[in-house]
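Topology and contacts: notes
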Amino acid sequence: MSLDIDDYIAKEVHACEYTLDDYTTEPARWCKGCGAHGALGAVQRMLRENNEAPENVITVSGIGCSSRFPHYLKTYGFHTLHGRALPVSVGVSLARPEMKLLTVMGDGDCFSIGGNHWLHTLRYNINATVIILDNEIYALTKKQASPTSRQGTMSNTSPRGSYLEPLNPLSIVLGVTNLSFVAQTASWLPGHMQATLDRAWKHKGLAFVRILQRCPVFMPDAFSGASAEFPAQFLEHCSGITPDKGILRNAPTVAHDPSDINAAQKIAANAHKDLEPLGLLYLNTEVPTYNEVRYSHVQQSDKFAKAELLNQYLDSYAIGNPNEEG
Amino acid sequence: MSKATFETKITELDEHIVEIVSDAGEGAQAAGNTFAEVCARSGNGLWTVEIIPSEIQPPPHTTGSASGNRIRVGNSPITNGGDLTNLVVAFNEMALLSRIQTDSLAPDVTVIIDDMWSRHDDAQIRQDYREILDDLSAKGAKVWELPIETECQRVAPDSTRGKNMFIVGMLLCLYNKDLEAGFTIVDEMFGARSQAIVEMNVKLMEAGYIFAQQTFAETYSIAPLQDTDNLVAMNGNTAIALGSVAAGYELCAMYPITPATSASHELSDFFEKFGGIVHQAEDEIAAIGVAVGSNWAGKPALTITSGPGLALKTEFQGLTVMSETPLVLVNVQRGGPSTGLPTKVEQGDLLAALWATPGDAPKVVIAPSSIEECYHIMPLARKISEEFRALVIVLSDANLATGRQLFKRPTVNPDLLSNTLDMSPVPPGTKPFDWDPETGLSQQILPGRPDGMWVATGLNHTPEGKINYLSASNQLGMTMRSRKLAVLQSTLKTPEIFGDDSGDLLIVGWGSTKGAIWEAVAKERAQGVKVSAMNIQFISPLPPGLKEAFGKFKKVMAVELNYADDPNDPYITPENRRYTQLATILRSNTLVDVDCWGKVPGSPLMPQEVRSIIQTQIENIK
Ligand SMILES: Cc1ncc(C[n+]2csc(CCOP(=O)(O)OP(=O)(O)O)c2C)c(N)n1
Ligand code: SF4
């Protein structure tokens, strides 16, 4: 086969065929300063870097401010129900394994109403990048406590401060079997966020990415106001994510081998009292995806072979014939 | 093997209803299935009804433990479970009592019971046994107390196993069926597991046969159907499973729930060979979500459930309707509300299927009326769901799910078994909701097609798929989605009327009660009664011409297995009376004063019940 020079240039030289505009539908309607803007930009840059054709990407979301995401990203999208983005993602993933799947949810969406799907879909290990925009509050419904709201958060359903310790999503995720990828980043660290999304995108299996997300309208003080004071630590390892610290330049860097589940669980368990970990907490590239597990048992055949087989099954229910299959 | 060897009288019968009941786990269900299978293979018309306790291991020797099978065998095609039982084989007196308590037995029923309980150590058991049998005899039953356990022990040292096959042997002799056919089925059941088990069961079956030859001076014979060519016998859930394969489905997303689950068991058994998978989701919400995601992305998927699961699926139904994603949802009805009567039949989900989704969510609701229709309705449902971008709910029920019936073997259309996706670039200007202003119909753009990117959403949206909050846009979307039902309705025919198309009384039903209603109407018509029947398969949209058809009868009455207030009950007035579910819809849609009969016995409708309804109504009309 001769090498066509135009093909070569198209493939190798112009690695990015697409511009950011190719991934943009309309100006996003989130509030000024909302962390979701940053996350959308990081996703768009990541898609461009990966040279993804927009038509080959499916973005599924739930309901919430964060879940408006697909409307602003020019891919195929499904803006589903509050809490239910993951089941729809499972269906999409089973139906079209050749497509690239991005699932976007909020903290209430994923950890509260969608909690059951959250646990089980992690275990299925579908091939998808799953991002949670965690602003520690219910924003779309105008400020009610979320499972990740810090104790004492003033909200419309907890006007004297929220009562319980927050849920620790990282600890929960790290207790699920078949887990393959867990990372955390923050919406005000564009470089780190993009690097994290890129790793997640390239991962085969379910890449769970929690993005700490600013909501300046309802939670201006969360994450120390997304200032340089936010108590965080960057996880570093040769197989991890490069700590592009941005505004958190003074945050410490700690060595963490993401293949070590016990170490990851320990870091996660201390996150709230200690320093929020940023980077790759856990990675296991060996876990088969749900499609691999299920379709390895499935026979592929043409319609005539299927018809023949169905005829055999029907015959096995014929009266006068021995019922072999029934 | 020869039939009865000493002098016996063989009585020719048109049909008989035979029951086998035991404690759960003692094998009466397997015995019933085996006997039914022999009858089916010998060409008899057939309908079986499972007798199922709700618990897996209920306390033994109680009425709650009764488990078994009810088999209606006949010399003509059989469409329902029939009336009262003619012959019952009971492993113990409590199993028998449970059948008396459910009013299942004919007064002159033949009872065969193990006499071991008459000698039991427990005086209470001895006393119960005697009282129950004496009572039955006094009412006209013919009771055979037989040493079944003792006889089994001669062949099998552990008689707690295999007694059921002894009983099958007895029944084969009693109904002059071929013993070898019974052996064949034993081999099919156990052959793969162990040859020793096959031999033991064959020995027991043969012993039962010989014992019956020596015991009964009168045996029965039921001729085969006139035409037994090309028939299959299966239950409704198997028919749904095979029908789903025939329809070209490639994914079934479900969460276990009785009585729907066995359809998924069947699919789990063979779906992978057809390129399909059964996804057992974490709950029913996820199950429908997976099916919606799959259909939207281009792989045909369905979800199967029963009442409580249907309740959990309501919000997703709304999303399905709003995003115009094709979906077939099979709901195998059981008794409700809440956990209700989980293993028993009821037709109580009709209004929930139609209306439980908040907001206006027009959808298609159809109901198979026979096991044959359980098969054929699946390709039909898929076709409607895709052509109309609609949610189609298929309402089966526990009676169809577990009953078994003979029907014409379906032919397979290979063209439904391939699924090729159009991945061509989308022409500029194509809209994801390109509603035809007349019909509301549009084509979905499948993900992956270049230049077609759009976002499905549960929010109100424009033809371009863009979120919109303006009143005109909302009105348009609602109109378009509703219009599709009217378009579908325009393609339907007025349902066939069984009997004359005018007369004194029209009985209207839907779903699995068709067999019993039509049988009753046929018998009453044979007596000269001017009664006819109609079964409505499309409940949303209702077929055209109902008002006109109803107008030709002095009275129209819906007969359903769901609750209605009895007009004679305290506090019930014509204004506050709650009607059966189909009657409610028919009244509102036709403005005809449709009356109703609705009961929730948890058991299939009997033709004789319908006959007595007809007789009472005809009396009132005169
Ligand atoms: C079944 C259901 N319950 C409640 C709601 C209302 N609701 C919409 S978004 C939301 C919570 C949003 O919070 P979160 O998921 O954290 O997302 P955010 O808006 O903060 O991005 C709620 C309760 C709904 N849409 N559906
Ligand atoms: S309310 Fe908060 S989360 Fe929602 S768009 Fe505004 S800033 Fe973002």
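Check the entry above for the structure.
Scope of this entry: the structure provided in the associated data block. (Residues numbered from 1 in each chain as written. Chains lettered and ligands numbered in written order. Predicted model: local features only at pLDDT ≥ 70, side-chain atom pairs only at ≥ 80, totals over all residues. Heavy atoms only, no water.)

Some remarks on the overall build of chain A
Condition: By the criteria applied, helices consist of DSSP H or I runs no shorter than four residues and strands consist of E runs no shorter than two, each listed in order from the N terminus. Buried means the residue's accessible area, taken with a 1.4 Å probe over protein chains only, is under 20% of the maximum for its type, while exposed means over 50%, and partly exposed covers the values in between. By definition, residues are in contact when any of their heavy atoms lie within 4.5 Å. Throughout, the Shrake-Rupley method with a 1.4 Å probe supplies accessible areas, and for residues the shown protein chains are the sole cover considered. The convention is simple: Lys and Arg are positive, Asp and Glu are negative, and His and the chain ends are not counted. In this description, the location of a charge corresponds to atom NZ of lysine, CZ of arginine, CG of aspartate or CD of glutamate.
Scanning chain A from N- to C-terminus turns up 12 helices and 11 strands. C-alpha extents for chain A along the principal axes are approximately 80 × 60 × 40 Å. Classification of the 326 residues of chain A by burial places 55% in the buried group. Counting only contacts in chain A whose residues sit at least 6 apart along the sequence, the fraction spanning at least 24 positions is 68%. When the accessible surface of chain A is split by element, carbon and sulfur atoms take 51% of a total near 13,500 Å². The average position of the 27 basic charges and that of the 33 acidic charges among the side chains of chain A differ by 9 Å.

Some words on the interface of chain B and chain A
The cut-off we apply is this: Once two parts are joined, some of their accessible surface, as seen by a 1.4 Å probe, is lost; buried area is that loss totalled over both. The working definition used for a salt bridge is a side-chain nitrogen of Lys or Arg within 4 Å of a carboxyl oxygen of Asp or Glu. Whenever a nitrogen or oxygen atom comes within 3.5 Å of another N or O atom, the pair is scored as a polar contact, on the condition that within protein one atom can donate a hydrogen and the other can accept it, and that pairs from neighbouring residues in sequence are kept only if both atoms are in side chains. Note on pairing: two strands pair once DSSP finds at least 2 bridges between them.
Taken together, the contact pairs 74 residues of chain B with 56 residues of chain A. Summing both sides of the interface, chain B and chain A together bury roughly 5,600 Å²; the carbon and sulfur share of this comes to 63%. When the area that chain B buries against chain A is broken down by residue, the three leading residues are F274(B), E282(B) and M453(B), summing to 13%. Across the contact surface, chain B and chain A share 4 salt bridges. The shortest N-O distance in the salt bridge between R409(B) and D315(A) comes to 2.7 Å. Connecting chain B to chain A are 24 residue pairs in polar contact (both at pLDDT 80 or more). Elements with a minimum of two residues in the side of chain B that touches chain A: helix 1 (28–41), strand 9 (231–235), helix 8 (236–246), helix 9 (261–270), strand 11 (277–280), helix 10 (284–297), helix 12 (314–323) and strand 17 (455–457) of chain B. If you tally residues by element for the side of chain B that touches chain A, the top one is helix 10 of chain B, at 9 residues. Two strands pair when backbone bridges link them, and strand 2 (residues 76–79) of chain A and strand 17 of chain B are joined in this way by 3 bridges, in the parallel orientation. Bridging from a neighbouring strand, F78(A) pairs with A456(B) of strand 17 of chain B.

Considerations on the nonpolar core
To keep things clear, this is the line we draw: The criterion is simple. A nonpolar core is a set of buried Ala, Val, Leu, Ile, Met, Phe, Trp, Tyr and Cys residues joined through side-chain atoms within 4.5 Å. Where each domain starts and ends follows an automatic or database-derived domain assignment.
The biggest cluster of nonpolar side chains holds 99 residues, and the ones touching the most others in it are V182(A), F208(A), W296(B), L350(B), I539(B), F550(B) and L586(B). In terms of residue count, helix 10 of chain B provides more of this core than any other element does, 9 residues in total. Of the residues that make up this core, three or more belong to each of domain 2 (232–417) and domain 3 (497–621) of chain B. Once residues within four sequence positions are removed from consideration, L350(B) is found in contact with Q333(B), V365(B), L395(B), W510(B), I539(B), Q581(B), L582(B) and I585(B). Core analysis: the next-biggest nonpolar cluster, separate from the first, contains 58 residues, V49(B), A239(B), I257(B) and I366(B) among them.

Some points on the sheet that holds strand 23 (residues 595–598) of chain B
Residue and element names in this part refer to chain B. Test applied: An axis is simply a line fitted to the C-alpha atoms; with a helix, the fit covers only the stretch in contact. Between two such axes, the angle follows the N-to-C directions and lies from 0 to 180 degrees.
Pairing is mixed in the open sheet, where 5 strands are placed in the order 18-20-19-22-23. Where the open sheet ends on each side, the last strands, each with one partner, are strand 18 (497–498) and strand 23. Summarising the sheet, strand 18 and strand 20 (residues 531–535) pair through 2 bridges and their orientation is antiparallel. Considered in strand 20, the bridge of I497 is made with M534. Contacts from helix 17 (residues 514–526) reach strand 18, strand 19 (503–509), strand 20 and strand 22 (553–560) within the one sheet, and its direction differs from that of strand 20 by about 165°. The strands that helix 19 (residues 581–590) touches are strand 19, strand 22 and strand 23; relative to strand 22, the one it contacts most, it runs at about 140°.

Examining the site of ligand 1
So the rule is basically this: The near set for a molecule or strand comprises every residue that places at least one heavy atom within 4 Å of it. Three residue categories are used. Nonpolar comprises Ala, Val, Leu, Ile, Met, Phe, Trp, Tyr, Cys and Pro, charged comprises Asp, Glu, Lys and Arg, and polar comprises the others, including Gly.
Around ligand 1, the structure places 17 residues, and the nearest of them are C65(A), S66(A), G108(A), D109(A) and N135(A). One finds residues of chains A and B in close proximity to ligand 1. Between an oxygen atom of ligand 1 and a side-chain N or O atom of S66(A), the distance comes to 2.7 Å. Between N135(A) and ligand 1, the recorded distance is 3.0 Å, taken from a side-chain N or O atom to an oxygen atom. Those elements giving two or more residues to the shell around ligand 1 turn out to be helix 5 (107–113) and strand 5 (137–138) of chain A. With 4 residues, helix 5 of chain A is the largest single contributor of residues to the shell around ligand 1. Its residues assigned to classes, the shell around ligand 1 comprises 7 nonpolar, 7 polar and 3 charged.

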